[in-house]
Amino acid sequence: MVESLQHLLPLKVSTAPADLEAHSKDESYPTHHPPIAVVYAENLPDIQTTLAWAREHRIPVVPFGAGTSLEGQVIPQGKALSLDVSRMNRVLEVRPEDFLAVVEPGVTRKALNEALKGTGLFFPVDPGADASLGGMAATNASGTTTVRYGGMRQNVLALQVVLANGEVLELGRGVRKTSAGYDLKDLFIGSEGTLGIITRLTLKLHPIPEHIHTLRVFFENLTDTAQAAYAVMVSGLPVARLELVDEIGIKAINRYLGRNYPEKPVLFVEFHSSTRAALEAESHLALELMREAGAISIDAARTQEERTAQWEARHQAYWALVNLFPGKEYLSTDTAVPISKMPDLVAYSSRLLRELGLTGNILGHVGDGNFHTLVVCEPGDPRAEEFSLRLVEHTLALGGTCTGEHGVGLRKKKYLPKEHGPALGWMRQIKRLFDPHNLLNPGKIFD
């Protein structure tokens with residue numbers, strides 16, 4: 001079968017062991033499963049040809065971008081093709097006058113921002129990894145700047161997608177608002193490749209802020225840190241980034257990156273403004289709020305190099321912790337709650353780790369009410385899954401969600417019936433409508 005596909009797509013279909021292994025896994029999910037072949041699509045006809053072959057042979061297709069997903073979204077379940085779009089990596093159009101760019105799905109966020117140099121604009125969604133923009137849309141990714149600029153759903157204006165039957169749809173328009181019919185574009189954002197293959201994106205761009213103020217604010221304990229974050233958010237200050245890292249996380253960062261930060265819970269905070277006067281007023285008020293909440297030390301990153309180093313520390317926190325505990329397994333949670341409930345959930349997560357005798361760290365985008373707990377455990381330790389289950393149950397009781405930004409993939413499927421109730425059945429019907437033969441990334445989101 002694979003030979004017939006290689007004949008249809010010469011030099012674009014690989015069965016090399018190294019390629020199969022690279023497409024058998026994502027960034028952190030513990031299970032690996034290789035595809036039967038990897039298709040390196042270079043254009044829309046390549047994708048349509050692959051899907052036609054898949055329909056004929058009833059072989060599932062798993063879209064693959066940069067492989068940076070965290071919940072097993074790109075791991076084949078059984079016999080399947082991996083459809084790699086990394087060669088579809090052209091920035092097709094930049095329109096500074098309209099604050100938008102048109103890209104292929106394999107363009108990474110860093111590559112796009114490099115292409116935007118000289119325009120005075122940037123694309124703000126920053127999940128840490130240099131993920132592909134198609135993959136970021138497929139998982140509705142967000143990151144450190146979401147509190148100010150929103151995640152992928154807020155920054156994708158239009159999509160081109162190919163359905164399982166080969167039909168090409170143009171969804172959305174290159175405008176800031178539209179009321180023309182059902183919003184099918186947003187249906188595909190966060191669908192994790194289960195409804196169609198994203199082949200082009202029209203993205204919203206933002207002006208690069210002229211003035212930036214970046215702070216590290218340390219506290220004596222985690223409770224004070226979470227309460228300070230909440231105080232800043234309810235003040236109405238236009239925060240651009242508000243990130244929490246606990247004591248274990250800071251210890252790991254110091255060791256991994258050679259930093260000398262105080263080993264206390266910290267808020268990494270950043271303000272963006274068009275005027276220095278506004279920036280100074282906002283920063284001054286934020287500092288007052290944090291001192292009232294118990295801040296014991298405040299450091300400012302005064303240069304671009306210092307700011308880059310600070311956000312590198314935040315983005316490397318996961319790998320820093322992995323380095324601190326070599327040979328272990330790691331389970332990452334991704335809960336999000338209404339902002340008023342965030343301090344409650346942070347405190348509950350910390351207590352639950354102690355109750356179960358687990359080691360883990362708490363970090364995340366607390367300005368969004370979203371944070372992660374990275375649990376360190378021995379392979380197969382049932383306490384890790386118990387922690388995740390109890391944390392999600394408490395999150396749902398607070399009106400939250402089991403995944404704020406990572407997506408469902410394989411790990412979060414078991415939580416969806418309780419979170420969505422009867423709506424989950426309608427999601428299944430939508431899946432059957434768009435993909436009646438269950439060829440597009442089967443086993444993700446639903447069993």
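Everything quoted here is computed from the prediction, not taken from an experiment.

The next subject is the layout of surface pockets. Of the volumes computed, that of the second largest pocket is approximately 540 Å³. As for the second largest pocket, its lining consists of 27 residues, of which I189, G190, S191, M427 and I445 are closest to the centre. In terms of residue class, the lining of the second largest pocket is made up of 10 nonpolar, 11 polar and six charged.

Right, let's get into helix α3 (residues 44-57). The first and last C-alpha atoms of α3 sit 20 Å apart over 14 residues, in line with the 20 Å expected at 1.5 Å per residue. Along α3, the residues that are buried comprise D46, I47, T50, L51, W53 and A54. Seen along its axis, α3 keeps its buried residues to an arc of 160 degrees; they face one direction. Residues of α3 that are buried in the fold lie against α1 (2-8), β2 (37-40), β3 (61-64), β4 (81-84), β8 (156-162) and β10 (197-204). Of the residues flanking the start of α3, the one acting as N-cap is N43, its side-chain oxygen 2.9 Å from the backbone nitrogen of D46. Two residues or fewer after α3 comes R58, characterised by a positive phi angle close to 55 degrees.

All right, on to empty space enclosed by the protein then. Taken as a whole and judged by the stated rule, the model has one cavity of 30 Å³ or more. In this structure, the largest cavity encloses a volume near 30 Å³. If you go around the largest cavity, the residues you meet are L331, S332, T333, D334, S388, V392, C402, R411 and K412. Put simply, the parts of the chain that give the lining of the largest cavity at least two residues each are β16 (329-332) and α15 (382-397). A breakdown of the residues in the lining of the largest cavity according to their chemical character gives three nonpolar, three polar and three charged.

Turning to the nonpolar core, a few remarks are in order. Nonpolar side chains in soluble globular proteins generally cluster together in the buried interior. If you look at the biggest cluster of nonpolar residues, it comprises 40 residues, and the most contacted ones within it are L242, L267, V269, V366 and F387. Every element with two or more residues in this core is listed here: β12 (211-219), α9 (222-234), β13 (239-245), β14 (266-273), α11 (276-292), α14 (342-356), β19 (370-377) and α15. Per element, the largest residue contribution to this core is seven residues, and it comes from α14. Contact partners of V366, with chain neighbours within four places excluded, come to A229, L242, E243, L244, L267, I339, M342 and F371. Judged by nonpolar contacts, the second largest core, of 29 residues, contains M136, V161, L163 and L201.

Reading the values: rules and limits
Residues numbered from 1 in each chain as written. Predicted model: local features only at pLDDT ≥ 70, side-chain atom pairs only at ≥ 80, totals over all residues. Heavy atoms only, no water. 1 Å grid on protein atoms, 1.4 Å probe; cavity = no way out; pocket = protein on both sides within 12 Å on 5 of 7 lines; lining within 4 Å. Points joined across faces, edges and corners; volume = space filled by probe spheres on them. Nonpolar A, V, L, I, M, F, W, Y, C, P; charged D, E, K, R; others polar. Helix = DSSP H or I, 4+ residues; strand = E, 2+ residues; numbered from the N terminus. Expected span 1.5 Å × (residues − 1). Buried < 20%, exposed > 50% of the residue type's maximum accessible area, 1.4 Å probe, protein only. Arc of directions from axis to C-beta. Contact = heavy atoms within 4.5 Å. Polar contact = N/O pair within 3.5 Å; in protein donor to acceptor, adjacent residues only side chain to side chain. Core = buried A, V, L, I, M, F, W, Y, C linked by side-chain atoms within 4.5 Å.

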